[in-house]
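# Tertiary structure, described
The residues making up each chain are set out below.
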Amino acid sequence: MSEPLSVAVVGYGVMGRHHANVYAALPSVRLSAVVEPDHGRRAAAEELYGCATFVDLEAMLEALTVDAASIASPTSTHHALASRLLSQGVHVLVEKPVATKVSEARELAALSRSHGVVMQVGHITRFYKAVQQLRQAVRRPYLIEARRLTPNARIRDVGVILDLMIHDIDIVLGLVDSPVAGVTVAGHALNGTPFEDVAAAQITFANGCIARFLASRVAPDAERSLVVAEAQRTYRLDFLRAPHTEMAIYQARPTGDEGNHVHVDRHVIYEDNPLRKELAHFLARIRLSAAPIGTLDDDLRSLTLATDLIQQLRSNAQPLVAAHAD
Ligand SMILES: NC(=O)c1ccc[n+]([C@@H]2O[C@H](COP(=O)([O-])OP(=O)(O)OC[C@H]3O[C@@H](n4cnc5c(N)ncnc54)[C@H](O)[C@@H]3O)[C@@H](O)[C@H]2O)c1
């Protein structure tokens, strides 16, 4: 039995707490450190895990060496923190989105390659069984609709495209095997920040497939759904039934059948902690050089499309975001 890997969690907020909890329960890993500027959160981590805590990353790097780290701090800090860790030869799992700029993400990918360490981006939906089953089943979709709405506007350092829509962009790019031919986007900011709180986008692929996205963090009710239509059948996923995802598959009945012309199969898929799967996969990649579920190129494609949408939103003839940010 090899030594457990020593890991740190950088940023102990909502996501960092989940990462720490998972690492503390996994057998092959030791949670050695938590880095968090907030005193109360550091005290809570010390009490819960008995691990060392540090006010910033430099203090941790001076005091101890870790094999791997999860970065779960605000997105605007990812690039600086990940660069520092990768340059020290530390394997890094960085929460999505990997960075706010494509150039920064490319730099991080290059650093991970040049230092021979794993960098994985926390695209958690890749570890949902329902999404994996969908990828197996779908052949040639012609229409996709993704809705991700929440009343929770907690994240303020990026807009809703990088915060929420990027999950669906990543799923869609995994389903459609064709280059992007065009994008249209609209949206606005309601919270007095320079970042959009609502965004609607349409992406057309070279093979004719259309993908429509709606993301909002100022919605009255939460919704997380995905509809994928192809010639023979339509799939509808409802992600808001945690710990399950419901997948409904609609098919036309054979001609001649009486009554309803649509046959619906409903599957309830138990998700069994996708974050644990994501982190276990990260550790397996470090230990066993397991092939990645989603490559750095996939991460870059998702971020590039998301930042293209943001750029187009900002350069729209009527800049709704800027108007509301005044
Ligand atoms: N994969 C997912 O489904 C998912 C869900 C939510 C958030 N996220 C991502 O996780 C990241 C964190 O989001 P959150 O919701 O946990 O935010 P949060 O605000 O709850 O937590 C961030 C924590 O990082 C700390 N922090 C700030 N600067 C730091 C620094 N320089 N070094 C160390 N810690 C620092 C903050 O004090 C805070 O405790 C974001 O990038 C977000 O996009 C991913």
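Here the structure is shown first, and the text comes after it.
Here is a short report on the structure shown in this document. Note that the structure is a prediction, hence the values are computed from the model and not measured.

## A closer look at the pattern of salt bridges
- Taken as a whole and judged by the stated rule, the model has 14 salt bridges.
- With a shortest N-O distance of 2.6 Å, Glu 223 and Arg 147 are connected by a salt bridge. One end of the pair, Glu 223, is in strand 11 (residues 223-229); the other, Arg 147, is in strand 7 (residues 143-149), and 76 residues separate them in sequence.
- Here Glu 223 falls in the partly exposed class, since its relative accessible area comes to 24%.
- The salt bridge partner of Asp 197 is Arg 217, with a shortest N-O separation of 2.9 Å. Placement of Asp 197 in the loop between strand 8 (180-188) and strand 9 (198-205) and of Arg 217 in the loop between strand 10 (210-216) and strand 11 is noted, with a sequence separation of 20 residues between them. The exposure classification of Asp 197 matches that of Arg 217, with both residues buried.
- If you follow the salt bridges from partner to partner, you end up with Lys 96, Asp 163, Asp 197 and Arg 217 in one network.

## Some remarks on the side chain of Thr 53
- Relative to the elements of secondary structure, Thr 53 occurs in strand 3 (residues 52-54).
- With a relative accessible area of 15%, Thr 53 lands in the buried category.
- Within the structure, the side chain of Thr 53 is placed 2.4 Å from the side chain of Glu 46, a separation counted as a polar contact.
- If we ignore the near neighbours within four places in the chain, the residues touching Thr 53 are Val 34, Arg 42, Ala 45 and Glu 46.

## Section: the environment of Thr 184
- Within the secondary structure, Thr 184 sits in strand 8.
- Taking the C-alpha atoms as reference, Thr 184 lies 10 Å from Phe 213; in sequence the two are 29 residues apart.
- With near-sequence residues (within four places) excluded, Thr 184 lies in contact with Ala 200, Ala 201, Gln 202 and Gln 312.

Cut-offs and rules
Residues numbered from 1 in each chain as written. Predicted model: local features only at pLDDT ≥ 70, side-chain atom pairs only at ≥ 80, totals over all residues. Heavy atoms only, no water. Salt bridge = Lys/Arg side-chain N within 4 Å of Asp/Glu carboxyl O. Helix = DSSP H or I, 4+ residues; strand = E, 2+ residues; numbered from the N terminus. Buried < 20%, exposed > 50% of the residue type's maximum accessible area, 1.4 Å probe, protein only. Polar contact = N/O pair within 3.5 Å; in protein donor to acceptor, adjacent residues only side chain to side chain. Contact = heavy atoms within 4.5 Å.

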